[in-house]
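Below, each chain spelled out in residue letters.
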Amino acid sequence: GAVVSQHPSWVICKSGTSVKIECRSLDFQATTMFWYRQFPKQSLMLMATSNEGSKATYEQGVEKDKFLINHASLTLSTLTVTSAHPEDSSFYICSARDRGSPVQGTYEQYFGPGTRLTVT
Amino acid sequence: GEDVEQSLFLSVREGDSSVINCTYTDSSSTYLYWYKQEPGAGLQLLTYIFSNMDMKQDQRLTVLLNKKDKHLSLRIADTQTGDSAIYFCAERPGGYNKLIFGAGTRLAVHP
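Residues numbered from 1 in each chain as written. Chains lettered and ligands numbered in written order. Predicted model: local features only at pLDDT ≥ 70, side-chain atom pairs only at ≥ 80, totals over all residues. Heavy atoms only, no water.

Caption draft 1: Structural context of the pattern of salt bridges. Tallying each qualifying case throughout the model produces five salt bridges over all chains. Close ionic contact of A:E59 with B:K98 constitutes a salt bridge, the shortest N to O distance being 2.9 Å. Linking A:E59 in the loop between β6 (57-58) and β7 (67-73) with B:K98 in the loop between β9 (85-92) and β10 (100-101), this pair reaches from one chain into another. B:D83 is the salt-bridge partner of B:R60, the closest N and O atoms lying 2.9 Å from each other. Taken together, the residues span a long stretch of sequence, with B:R60 in the loop between β6 (55-58) and β7 (61-66) and B:D83 in the loop between β8 (71-76) and β9 at a distance of 23 residues. (Salt bridge = Lys/Arg side-chain N within 4 Å of Asp/Glu carboxyl O. Helix = DSSP H or I, 4+ residues; strand = E, 2+ residues; numbered from the N terminus.)

Here it is as structure tokens:
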């Protein structure tokens, strides 16, 4: 089946530093990748949609200069949290849409296992 | 607006049926989804239903959709301990690639 990996699985960084999170589709090509943020006991909040070779589309309220997204290839998207602050601590999840979709009129987003970011 | 709501917690006895409910607001949603998240793992698509359907059954899973009330439910028959997880309802607003998720329902299965 389709597998999406994220690296690192968890990271602790100091306030003011930047952190890069990678999202890779391992056995399929993903023209579109999505970045979500999940707070404890809350839903996944879509942050941005990333299309290969073009600029990401950010959801309302998400600072594009703070959360830099790069989708340089069909198998890799990166999210960089710049000048991280404690309030950026969260669980970040990516998903990828198979380039070969849709199936039966819909398509499946394959999710990565998530990255837990803690900013001290 | 886009909003998906579901109850946060459900506890059932092993072997009983579980019913997880969800309400959504976007009437343009073409597809509605149920995802399962186990501890430390990513979300796994369980099933989906197209908006012109009322019901879909897939082995132990039954999805019911009341489009008029914008209500979606997931029934798990013969619930097992391995079904313990968080279940997310999600809608896909018409014309968009993105998914809007509910907060997730934590299902606990006890003997």
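Caption draft 2: The interface of chain B and chain A, seen in detail. Chain B puts 19 residues into the contact, and the matching count from chain A is 22 residues. Around 1600 Å² of area is buried between chain B and chain A when both sides are counted, 52% of it from carbon and sulfur atoms. Among the residues of chain B in contact with chain A, B:N97, B:K98 and B:F101 are the three that bury the most area, contributing 29% of the side total. The tally of links from chain B across to chain A stands at one salt bridge. Taken together, the connections running from chain B to chain A amount to one residue pair in polar contact (both at pLDDT 80 or more). When residues in the side of chain B that touches chain A are grouped by element, the largest group, four residues, is from strand β4 (residues 31-37) of chain B. Tallied by class, residues from the side of chain B that touches chain A come to 12 nonpolar, five polar and two charged. (Contact = heavy atoms within 4.5 Å. Buried area = accessible area lost by both parts, 1.4 Å probe. Polar contact = N/O pair within 3.5 Å; in protein donor to acceptor, adjacent residues only side chain to side chain. Nonpolar A, V, L, I, M, F, W, Y, C, P; charged D, E, K, R; others polar.)

Geometry only, nothing functional implied.
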